[in-house]
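# What the coordinates show
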2 protein chains.
Amino acid sequence: MMSGYFSDDLTAAEIDALHAVIGPLTNDARALIDATVRTEVDDAAIAAAREHIAAATALLADKQLDGSFGVRFGRDGTKRAWGNAVMGAQNPIAAPVDMVFPDPDAQDQICWAEFDLGAAYEGPAGLVHGGMLAAILDQALGAAAEHAGAPGMTGTLTIRYRQGTKLGRVRVDAWLDRVEGVKSFAKGTISTADGICAEAEGVFILPRWAREASAAHLRSGVGDA
Amino acid sequence: MMSGYFSDDLTAAEIDALHAVIGPLTNDARALIDATVRTEVDDAAIAAAREHIAAATALLADKQLDGSFGVRFGRDGTKRAWGNAVMGAQNPIAAPVDMVFPDPDAQDQICWAEFDLGAAYEGPAGLVHGGMLAAILDQALGAAAEHAGAPGMTGTLTIRYRQGTKLGRVRVDAWLDRVEGVKSFAKGTISTADGICAEAEGVFILPRWAREASAAHLRSGVGDA
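Take the interface of chain B and chain A next. Each partner contributes residues to the interface: chain B has 79 residues there, and chain A has 79 residues. Interface area, chain B with chain A, both sides summed: about 7100 Å², of which 65% is carbon and sulfur. At the junction of chain B and chain A, the tally comes to two salt bridges. In this structure, the salt-bridge partner of Arg50 of chain B is Asp28 of chain A, at a minimum N-O distance of 2.6 Å. Along the contact surface separating chain B from chain A lie 37 residue pairs in polar contact (both at pLDDT 80 or more). For the side of chain B that touches chain A, the secondary-structure elements that each account for two or more residues are helix H1 (12-38), helix H2 (43-61), helix H3 (130-147) and strand E5 (153-161) of chain B. Taken together, the residues that form the side of chain B that touches chain A break down as 43 nonpolar, 25 polar and 11 charged. Taken together, the five bridges between strand E5 (residues 153-161) of chain A and E5 of chain B define a ladder with antiparallel strand orientation. Within E5 of chain B, the residue paired with Arg160 of chain A across the bridge is Thr156 of chain B.

Rendered as structure tokens:
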């Protein structure tokens, strides 16, 4: 199983080259998901499409990970969570949500992302699934806490839905509110052209095993230039 | 745009026939998502796979909905939310989570579902994304409230994460706890062989427009046998 936290020793240039191949593949798979949800073609066309999908799957599965992508660190310490269900560059389920940190050096800031949520993210008719918004907020709040130097796994997540979120262009904003011991409190919002649609507060806790793994990772020298 | 709430007047037999064609297509697309996340093939194989994916997408998009699937009612009133991001039979992003109601006639019961969450649902390495669990709980709690005759859109959702949820077989349980006016309070859990991993409470509110639309739907006679 490769689905842990590990260093694969890739250089920045190697990661860029890999991303240039994997990114378009993932986008193609996203387009297929959208087409699957919206298709109205007849049975013969569906049968023909299934043959192509099976052929693509066989090609991709010819050499594959035993498990999930995991979280990887390149030679310069760059973290890659390309399998992540919300922001993974190699995961067709992810919109993806790519958080922007306006000031890379500042810990006290609002980070954000804008992205399109199409037919595959539907809950109530014509609206984004509230649970998918919860997933995006969980990811965004966790990213804000991590970037501010207070990473953790989600302990508690509370979402308040103020109005329906129409399918289409969506924005998430997130920030670290405060830190109390091993707990980081982050907040965030989902908004569209209609204004704020949902608000979230999350408590992120760094579990003992993660603190120990992180310490071991640092001791091993992985991530040093 | 077809992405609303509407009746398409399909008979139960027509819906079954459609499901028999759409279900396997959606499962094939799920397999492709999994293969995309886990692939380690070379650039030439990825290029070949992309050609097949593009061909499948073109076939499916040849005739398609302007918007999302929406929520549809068949001739006998059967509700279909096949585009739903968590439980949609036509949505490759959905596991899917098919809730089981042990007693179709009882309102006071625990409903549940068991399903596999593979590499595409990853958050922390080897674990299910906490946000995806929130999405599943949102759907399950809402389904429990609806089945108990107290439907609504999510007002507030609170998730408490007790331990990491390993990728693999996962179970969700949900039930209606109580009703106060237009608010339904539902609860639920996520569990694996490791025990309970997350707990949720949700408040579901039937908004005015939905109450009016529902009343209009009933007045129109749609859904009557």
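Let us now look at the relation of the copies chain B and chain A. Structural alignment of chain B on chain A gives an RMSD of 0.0 Å, achieved by rotating through 180° and translating 0.0 Å along the axis. Overall, the copies show the geometry of a two-fold rotation axis. Relative to the rotation axis, the C-alpha of Thr158 of chain B is the closest in chain B, positioned 2.1 Å from it. Same-surface contact between copies: 100% of interface residues of chain B are shared with the interface of chain A.

The next subject is the pairing of E5 of chain A. Two strands pair when backbone bridges link them, and E5 of chain A and strand E8 (residues 195-205) of chain A are joined in this way by eight bridges, in the antiparallel orientation. Bridge assignment links Tyr161 of chain A to a residue of E8 of chain A, and that residue is Ala198 of chain A.

So, about unusual backbone geometry. All names here are of chain A. Cis geometry marks the peptide bond from Ala95 to Pro96; its omega dihedral reads -5°. Considering the arrangement of structural elements, one finds Pro96 in the loop between strand E3 (79-80) and strand E4 (111-117). With phi around 65°, Asp9 is a residue other than glycine that occupies positive phi space. For Asp9, the location among the structural elements is in the loop between strand E1 (5-7) and helix H1 (12-38).

By size, the foremost hydrophobic cluster in this structure holds 74 residues, and its most contacted members are Met132, Val172 and Ile190 of chain A together with Met132, Val172 and Ile190 of chain B. Contact partners of Ile190 of chain A, with chain neighbours within four places excluded, come to Leu133, Ile136, Leu137, Thr165, Val170, Arg171, Val172, Gly195, Ile196, Cys197 and Ala198 of chain A. Ranked by size, the runner-up nonpolar core spans 24 residues in total, among them Ile22 and Ile46 of chain A together with Val41 and Ala49 of chain B.

What follows concerns the sheet that holds strand E1 (residues 5-7) of chain B. Picture the strands of a sheet paired through backbone hydrogen bonds; they go either parallel or antiparallel. All names here are of chain B. A sheet is described by the order of its strands in space; here three strands give the open sequence E1-E2-E3, paired in mixed fashion. The outermost strands of the open sheet, each flanked by one partner alone, are E1 and strand E3 (79-80). Across three bridges, the pairing between E1 and strand E2 (residues 71-73) is parallel. Bridging from a neighbouring strand, Phe6 pairs with Arg72 of E2.

To continue, consider the packing of helix H2 (residues 43-61) of chain A against H1 of chain B. One way to put it is that H2 of chain A packs onto H1 of chain B with a least axis distance of 9 Å and a crossing angle of 20°. Classed by the angle they form, the pair H2 of chain A and H1 of chain B counts as roughly parallel. Here the hand of the crossing between H2 of chain A and H1 of chain B comes out left-handed. Of the residues in H1 of chain B, those touching H2 of chain A at Asp43, Ile46, Arg50, Ile53, Ala56, Thr57, Leu60 and Ala61 of chain A are Val21, Ile22, Pro24, Leu25, Asp28, Ala29, Ala31, Leu32, Ala35 and Thr36 of chain B. Its residues placed into classes, the contact of H2 of chain A with H1 of chain B shows 13 nonpolar, two polar and three charged.

In this section: H1 of chain B. Relative to the 39 Å expected for 27 residues at 1.5 Å per residue, H1 of chain B spans 38 Å between its end C-alpha atoms, a close match to the ideal helical length. At His19 of chain B, H1 of chain B shows its largest bend, some 25°.

Note that Ser191 of chain A resides in strand E7 (residues 183-192). Sequence-distant contacts of Ser191 of chain A, defined by excluding residues within four places in its chain, comprise Val170, Arg171, Asp173, Ile196 and Cys197 of chain A.

Conventions and cut-offs
Residues numbered from 1 in each chain as written. Chains lettered and ligands numbered in written order. Predicted model: local features only at pLDDT ≥ 70, side-chain atom pairs only at ≥ 80, totals over all residues. Heavy atoms only, no water. Contact = heavy atoms within 4.5 Å. Buried area = accessible area lost by both parts, 1.4 Å probe. Salt bridge = Lys/Arg side-chain N within 4 Å of Asp/Glu carboxyl O. Polar contact = N/O pair within 3.5 Å; in protein donor to acceptor, adjacent residues only side chain to side chain. Helix = DSSP H or I, 4+ residues; strand = E, 2+ residues; numbered from the N terminus. Nonpolar A, V, L, I, M, F, W, Y, C, P; charged D, E, K, R; others polar. Pairing = 2+ DSSP bridges. Least-squares fit on C-alpha atoms with pLDDT ≥ 70 in both. Core = buried A, V, L, I, M, F, W, Y, C linked by side-chain atoms within 4.5 Å. Buried < 20%, exposed > 50% of the residue type's maximum accessible area, 1.4 Å probe, protein only. Axes fitted to C-alpha atoms, helices over the stretch in contact; angles between N-to-C directions. Parallel < 35°, antiparallel > 145°, perpendicular 65-115°, else oblique. Left-handed = near helix turned anticlockwise from the far one by under 90°. Expected span 1.5 Å × (residues − 1). Bend = angle between axes of the 7 residues up to and from the residue.

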